[in-house]
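Architecture and fold: a report
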Amino acid sequence: MTSWVNPFPFSEELTPPGELELQLMGKRFLARYPSLMEAFRLSNPNATAFYATSKKRTKDSGLSFLKGVDPNRQWQSQEDNDVLRFFDTCPAYDETIASPVHGQELEAFQRSAPMQRAISQVLANMRLPAQALTPTEVAEMYGICGSLIASDYDPAKYGWCTVFEGVDVDPFEYYSDMEAYYDSGYGFSINYESACPYIKKVLFNNLAAAIDSSITNRVALSFAHAETVIPVIAAFTLYKDPDPLTSSNYEALKTARQWKIGRVSPHAANVAFLLWNCSQSGHALQIVVNERIDPLQPCSKWPCSFQYVSDRMRNYAKCNFSAMCTVAQRSGVERASWNRLLLPLLLCLSLAASRRLGMY
């Protein structure tokens, strides 16, 4: 072990396959929205904005995306941690993640029969005795296997995926989805309520300003993290199942659930909020998740008026982030209320990448 060398040197950096993926994404956005992306090509300071967090990976994600838009230009990002890393400055969120309640459902599912069977199959493949590895360790191994495949490594070379051959991996998929659900999604209300700095900026500042401005094509790109995008998606009630992801709901949600992290937040996840000026019906808002127009929208049919969406997201415009995130202001850890309808979906012009990219 003393001579072991980490073969994965990109833990804090964008991988080469990730760079290519984002470049190709930039080309696709240029092809789909040429008039909008032309603002970046022309570098009109009144029509463009390129934001990233303090993390190098997010800056590199943005530069790779924009290389796909115009490989001959040099770009400079603006750092915006307050909006894009809101989870870093919310003590109430930290308290929720650290609380015993946070891991209750995950621990219960680890003890469930489907998970225990899957773990036993993995240990048998590895020729290890029972309880040689914890459920958390086996689940992390499955996550590493998935990351190797997504990053274009040869999983067979490192053996992480071979131990799952012939194994029913559905419990590991569900467990991974549960982790994101309780860490950043619908599991706790503070997860998505704390996204108000981003929602306020995109919906009530950027889009509202675009409506009032004489500039016809405005684009803002924000590159951040999965912990940014997932709460935003939850705030707009996208990919929300009728029932919560709990240990007892595994069989019911095994094959027919909307909340799948591979769908909600894959590598280079992105959310585009598109604002349309419809001559007869006024301004309309459309949301595109991972380059796919999703039918999970609050409006029964397109177009969804900007006013309709902004009215239903009004709480995010009025939110007091400091008060919301003060532990003393909240009465303990709050599980999301499943019986009340969350504020409906929003659409606008924004894009999320790398672990989050934004567009307006």
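Per chain, residues are indexed from 1 in the order of the written sequence. Where local features are concerned, this predicted model is filtered to residues with pLDDT of at least 70; where side-chain atom pairs are given and counted, the filter is 80 or more; whole-chain, interface and lining totals use all residues. The side-chain values count all of the structure's non-hydrogen atoms but skip hydrogen atoms and water molecules.

**Examining the overall build of the protein chain**
A tally of helices and strands in the protein chain yields 18 helices and eight strands. Here the protein chain holds 360 residues, and the buried ones make up 49% of them. Contact criterion: two residues are considered in contact whenever any of their non-hydrogen atoms come within 4.5 Å of each other. Partitioning the intrachain contacts of the protein chain with sequence separation of at least 6 by distance along the chain shows that 78% fall at a separation of at least 24. A 1.4 Å probe and the Shrake-Rupley method give the accessible areas. Residues count as covered only by the protein chains that appear here. Entry remark: accessible area of the protein chain is about 17100 Å², with carbon and sulfur atoms responsible for 50%. Labels follow the DSSP assignment, with helices taken as runs of H or I lasting at least four residues and strands as runs of E lasting at least two, numbered in each case from the N terminus. A simple rule labels every residue: compare its accessible area, found with a 1.4 Å probe on the protein chains alone, to the largest value its type can have, and call it buried under 20%, exposed over 50%, or partly exposed in between.

**Brief notes about the packing of helix α7 (residues 113–125) against helix α8 (residues 135–150)**
α8 packs onto α7 with a crossing angle of 70 degrees between their chain directions and a minimal axis gap of 11 Å. Put simply, α7 runs roughly perpendicular to α8. Where α7 approaches α8, its residues M115, Q116, I119 and V122 are matched on the opposing element by P135, V138 and A139. Partitioned by chemical class, the residues of the contact of α7 with α8 number six nonpolar, one polar and no charged. Convention adopted: a line fitted to C-alpha atoms gives each axis, helices being fitted over their contacting stretch, and angles between N-to-C directions are expressed from 0 to 180 degrees. Convention used here: angles under 35 degrees read as roughly parallel, angles over 145 as roughly antiparallel, angles from 65 to 115 as roughly perpendicular, and any remaining angle as oblique. Under the convention adopted here, Pro, Cys and the residues Ala, Val, Leu, Ile, Met, Phe, Trp and Tyr are nonpolar, Asp, Glu, Lys and Arg are charged, and Gly plus all remaining residues are polar.

**Looking at the environment of S310**
Tracing the chain through its elements places S310 in helix α16 (residues 306–312). Taking relative accessible area as the criterion, S310 reaches 3% and is therefore assigned buried. In this structure, the C-alpha to C-alpha distance between S310 and K200, residues 110 residues apart in sequence, is 10.0 Å.

**A short note on the nonpolar core**
General note: in soluble globular proteins, nonpolar side chains tend to be found buried as a group. F172, Y198, I199 and W259 are the most contacted members of the largest nonpolar core, which has 74 residues in total. Among buried residues, the Ala, Val, Leu, Ile, Met, Phe, Trp, Tyr and Cys ones that are joined through side-chain atoms within 4.5 Å form a nonpolar core. Residues L14, F40, F50 and W75 belong to the second largest nonpolar core, which totals 21 residues.

**Observations concerning the pattern of salt bridges**
Whenever Lys or Arg places a side-chain nitrogen within 4 Å of a carboxyl oxygen from Asp or Glu, that contact is recorded as a salt bridge. Here the structure, examined in full by the defined rule, presents eight salt bridges. Linking R28 and E291 is a salt bridge whose minimum nitrogen-to-oxygen distance equals 2.7 Å. Highlighted residues: R28 in helix α1 (residues 16–32) and E291 in the loop between β5 (282–289) and β6 (292–293), separated in sequence by 263 residues. When its relative accessible area of 30% is taken as the criterion, R28 is described as partly exposed. A cluster of three or more residues bridged by salt bridges with shared partners is formed by R28, R32 and E291.

**Section: the packing of α8 against helix α10 (residues 170–183)**
As a packed pair, α8 and α10 sit with axes 10 Å apart at the nearest point and diverge in direction by 95 degrees. By the angle between their directions, the pair α8 and α10 is classed as roughly perpendicular. Along its contact with α8, which presents T136, V138, A139 and Y142, the element α10 presents F172, E173 and Y175.

**Quick word on the confidence of the model for the protein chain**
When pLDDT is averaged across the protein chain, the result is 83; 80% of the residues are at 70 or more. As a per-residue measure, pLDDT tells how confident the predictor is, with possible values from 0 to 100. Low pLDDT, under 50, characterises residues 337–360; the predicted model gives this stretch 158 contacts beyond four residues in sequence or across chains.

**Description of the environment of L22**
Structurally, L22 can be placed in helix α1. For the pair L22 and L63, spaced 41 residues apart in sequence, the C-alpha separation works out to 8.8 Å.

**A short note on the side chain of H102**
If you trace the backbone, H102 turns up in the loop between α5 (91–98) and α6 (104–110). Overall, H102 belongs to the buried group, its relative accessible area being 10%. For this analysis, a polar contact is any N or O atom pair within 3.5 Å, provided that within protein one partner can donate a hydrogen and the other can accept it, and provided that sequence-adjacent residues contribute only side-chain to side-chain pairs. Within the local environment of H102, its side chain forms a polar contact with the side chain of D183, the two groups lying 2.6 Å apart. Contacts of H102, omitting those with residues within four sequence positions, involve T96, I97, Y182, D183 and F188.

**Looking at unusual backbone geometry**
Here the phi dihedral of Y239 falls at roughly 55 degrees; this positive angle occurs in a residue that is not glycine. Checked against the element boundaries, Y239 lands in the loop between α13 (226–235) and α14 (250–253). Taking the relative accessible area as the measure of exposure, Y239 reaches 0% and is therefore buried. Despite not being glycine, N290 shows a phi value in the positive range, around 55 degrees. Looking at the secondary structure, you find N290 in the loop between β5 and β6. For N290, a relative accessible area of 17% puts it in the buried group.

**Overview of the state of the cysteines**
Throughout this description, disulfide means a covalent bond between two cysteine sulfur atoms. Here, two cysteine sulfur atoms that lie within 2.5 Å of each other are counted as a disulfide. Per the counting criterion, the structure on display carries three disulfides. In this model, C145 is linked to C161 through a disulfide, with the two sulfur atoms separated by 1.9 Å. Since a negative S-S torsion denotes a left-handed disulfide, the C145-C161 link at about 110 degrees is right-handed. One end of the pair, C145, is in helix α8; the other, C161, is in the loop between α9 (155–158) and α10, and 16 residues separate them in sequence. For the pair C145 and C161, a shared accessibility class is recorded, and that class is buried.

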